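In case you want the letters, here they are:
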Amino acid sequence: MNRFFAALTLATILLAFPAGANEAESQLRTPQGGWPQSGIFGTYDRGALQRGFLVYKQVCAACHSMNLLSFRNLASIGYNEDEVKAIASEYTVTDGPNDEGAMFERPAMPSDRFHAPFPNEKAARAANNGAYPPDLSLIVKARLNGEDYLYSILTGYTAAPEDMKMMPGMNYNDTYPGHQIAMPSPLSGDDLVSYSDGTKATKEQMAKDVTQFLAWAAEPHMEDRKRMGARAIIFLLVMAGIFYAAKRSLWRDLH
Amino acid sequence: MAGNTTPTDFGNPVINWIDKRLPVFTMMQKEYGVFPTPRNFNYLWNFGAIAMVMLMVMIASGLVLAMHYTADTKLSFNVVERIMRDVDYGWLVRYIHMNGASMFFIAVYVHIFRGLYYGSYKQPRELLWILGVLILLLMMATAFMGYVLPWGQMSFWGATVITNLFSAIPLIGDTIVTWLWGGFSVDNPTLTRFFALHFLLPFVILGVVFLHIAALHVSGSNNPLGIEPKSDKDTVPFSPYYTVKDLFGVCVFLIIYAAFVFYAPNYMGHPDNYTPANPMVTPPHIVPEWYFLPFYAILRSFTIDIVIPFTDIIIISSKLGGVLLMFGSIAMMFILPWLDTSPVRSARFRPLYQKFFWLHLAVCITLGFMGAKPPEGIYTVISQICTFLYFAHYLIVLPLLNKYEKPLPLPPSIHEAILAQKK
């Protein structure tokens, strides 16, 4: 009986504490079919990541930076070296000082960081009605149930209820805490981007793709992590088995 | 110790040569080889070894992290992300360290409650127990300061809330807080000193752990029956019997640890800490790491100012009251050996104490849940009831049990108890 209590208590401590600490605040939506990257064996869908990158590049990047990513990181979502170079060279960066002590402009290289839309926070606020578009590098890890939350925000723009007084310049969103969000619906209609793989760029599809891209951006080593985890746990299970057998045979003679 | 150890023959001339001059091998042989250990440990006795392994894991992973870390409010957040993204296996080391803190606390909490259940704090192990409580305090300080280092939102606001507790000290409180911060708010000087202390304290813990084990090897281990071993029949040599059993226990624990590191590395963390610290934006709920939640609930349960009647003069502000209660909750553990003077150690033979033990555990867990909730409405009431029950356990229940509890008869010896159980 006491052993049962002890096991029960341990299980409660392990499971319930953090769950209690992180309570969901609003109803979130998961896209049909769920997220390919979730679960023990989940991996990123390279096609979705590339489509999501396109959405970020052509829609989100107008206001949101991704300061923690470099163009070279795109190699791990399936672009080859030349493609990464080509993507980087679309941007110009300021480098220097050169031997004459002057700063100069040059095309971006794979080792450069993603191009930020605004030089600083003040410029970003000035251009966005006083609101500051957050950096998206870690956004999926910085929100509870990050993927569902982001997808729900992106697909959560509806008409405000009649009795709701909206502040000027704010938009109604059914997921955002307080329901008033400064960001206008970024994926306002279908076909904002044209996918090269023939996928139809519906609002939901774009939201799903860009969310997966941002999930990868927040946790680029997730696949390595899960692969190594399987090996580590199998190794530990074998070791535990060996030690248990050793313990059994050793203690058998004793009792 | 001085020179009178009989040299042991280890069969290897090099080892013999060293041992004659510095008897470390003789010591290891005595303390971990043939060390007589009660033969009736259950698996709860694994958690001492597990905690030791966790301390080693934390020091090793922390050392690697420190090589790549920079303590600077402008750099720290991105430097940690650089470890996560660009340092070879940096993500692994960082997740090992991050989840290791939680696993270390799990191991230590099980270790503590095991001690409570089987009366391991009683004569002659009072100092051993007190050293253990000291380790817990040092761990709490270390974990708190370590959580500040990534300089995320919870790092900053957690540091602000906790350091502000010291401002509750009458008269000199504000001065102390300024001194702790090295400025007028949590800022760069706070971060750099927290990093220095976070690096130092684990080695202080290691020192106290050494004393904890030294004291253990004087009194010997307690055991589930709570009676002292009387003859050789009651004990087994520590090695190989308990080295192998501990290795098995450590492996099982590491499996759970690995499951978190590899498959749910952020489960025990808080999403807000992936947002860089911003002194201008307060998160809606400032919540400490889960292992502090019971203490956090006790802290917040004191909600009224105590005033001199018919005046406005506050004797104990709600803040000071909460701080006193929180430190008092740990002080209870320091004086526990003198609160519970029942000569019977193990709860197996104390029918009433056993029930109150489970109640006490339930109270601590409930406090943990309440610590995660906003301090309002029913949550505050539950916290207050549980805080009362927490202190009542030590200050009312235990002294009363000393007087009125009738313990069950103790078995004559460990091996006879084992034989009786087998029949």
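None of these values were measured; they are calculated from a predicted model.

Asks: Residues and numbers for the domain arrangement of chain B, please.
Replies: Partitioning chain B into domains gives domain 1 (7-33) and domain 2 (39-422). On a C-alpha basis, the centroid separation for the pair domain 1 of chain B and domain 2 of chain B is 37 Å.

Asks: Please provide a residue-by-residue account of helix 15 (residues 414-422) of chain B, values included.
Replies: Residues and elements named next belong to chain B. Among the residues making up helix 15, those that are buried are Ile414, His415, Ala417 and Ile418. Buried residues of helix 15, viewed axially, fall in a sector of 160 degrees; they line one side. Packed against the buried residues of helix 15 are strand 1 (36-38).

Asks: Describe the packing of helix 7 (residues 222-252) of chain A against helix 5 (residues 90-117) of chain B, listing the residues and the values that go with them.
Replies: Remark: helix 7 of chain A packs on helix 5 of chain B, axes separated minimally by 10 Å, with the N-to-C direction vectors making an angle of 65 degrees. Here helix 5 of chain B runs roughly perpendicular to helix 7 of chain A, going by the angle between their axes. Crossing handedness for the pair helix 7 of chain A and helix 5 of chain B: right-handed. Together, A:Asp224, A:Arg225 and A:Met228 of helix 7 of chain A and B:Trp91, B:Leu92 and B:Tyr95 of helix 5 of chain B make up the contact between the two elements. Of the residues belonging to the contact of helix 7 of chain A with helix 5 of chain B, the class tally is 4 nonpolar, no polar and 2 charged.

Asks: Explain the environment of A:Pro161 to me, and be specific about the residues and the numbers.
Replies: Residues and elements named next belong to chain A. In this structure, Pro161 sits in the loop between helix 5 (146-154) and strand 3 (171-172). For Pro161, a relative accessible area of 34% gives the class partly exposed. In this structure, the C-alpha to C-alpha distance between Pro161 and Tyr172, residues 11 residues apart in sequence, is 8.6 Å.

Asks: Before we move on, can you summarise the interface of chain B and chain A with the specific residues and values?
Replies: Interfaces are often sized by the amount of accessible area the parts lose when they come together. Contacts between the two partners involve 57 residues from chain B and, on the opposite side, 54 residues from chain A. Regarding the contact of chain B and chain A, the summed buried area is about 4,900 Å², with carbon and sulfur atoms giving 72% of it. At the boundary of chain B with chain A, the tally comes to 1 salt bridge. Across the contact surface, chain B and chain A share 10 residue pairs in polar contact (both at pLDDT 80 or more). Secondary structure elements with two or more residues in the side of chain B that touches chain A: helix 4 (76-85), helix 5, helix 10 (238-263), helix 11 (293-301), helix 13 (351-372) and helix 15 of chain B. With 16 residues, the single largest contributor to the side of chain B that touches chain A is helix 10 of chain B.

Asks: An account of the nonpolar core is requested, with residue identities and associated values reported.
Replies: Counting residues in hydrophobic clusters, the biggest one holds 169 residues, and the most contacted among them are A:Leu74, A:Phe213, B:Leu116 and B:Tyr390. Element by element, the count of residues in this core is highest for helix 5 of chain B, at 16 residues. Once residues lying within four places of it in the same chain are set aside, the contact partners of B:Tyr390 are B:Ile298, B:Ser329, B:Met332, B:Met333, B:His360, B:Val363, B:Cys364 and B:Leu367.

The rules behind the values
Residues numbered from 1 in each chain as written. Chains lettered and ligands numbered in written order. Predicted model: local features only at pLDDT ≥ 70, side-chain atom pairs only at ≥ 80, totals over all residues. Heavy atoms only, no water. Domains from an automatic or database assignment. Buried < 20%, exposed > 50% of the residue type's maximum accessible area, 1.4 Å probe, protein only. Helix = DSSP H or I, 4+ residues; strand = E, 2+ residues; numbered from the N terminus. Arc of directions from axis to C-beta. Contact = heavy atoms within 4.5 Å. Axes fitted to C-alpha atoms, helices over the stretch in contact; angles between N-to-C directions. Parallel < 35°, antiparallel > 145°, perpendicular 65-115°, else oblique. Left-handed = near helix turned anticlockwise from the far one by under 90°. Nonpolar A, V, L, I, M, F, W, Y, C, P; charged D, E, K, R; others polar. Buried area = accessible area lost by both parts, 1.4 Å probe. Salt bridge = Lys/Arg side-chain N within 4 Å of Asp/Glu carboxyl O. Polar contact = N/O pair within 3.5 Å; in protein donor to acceptor, adjacent residues only side chain to side chain. Core = buried A, V, L, I, M, F, W, Y, C linked by side-chain atoms within 4.5 Å.

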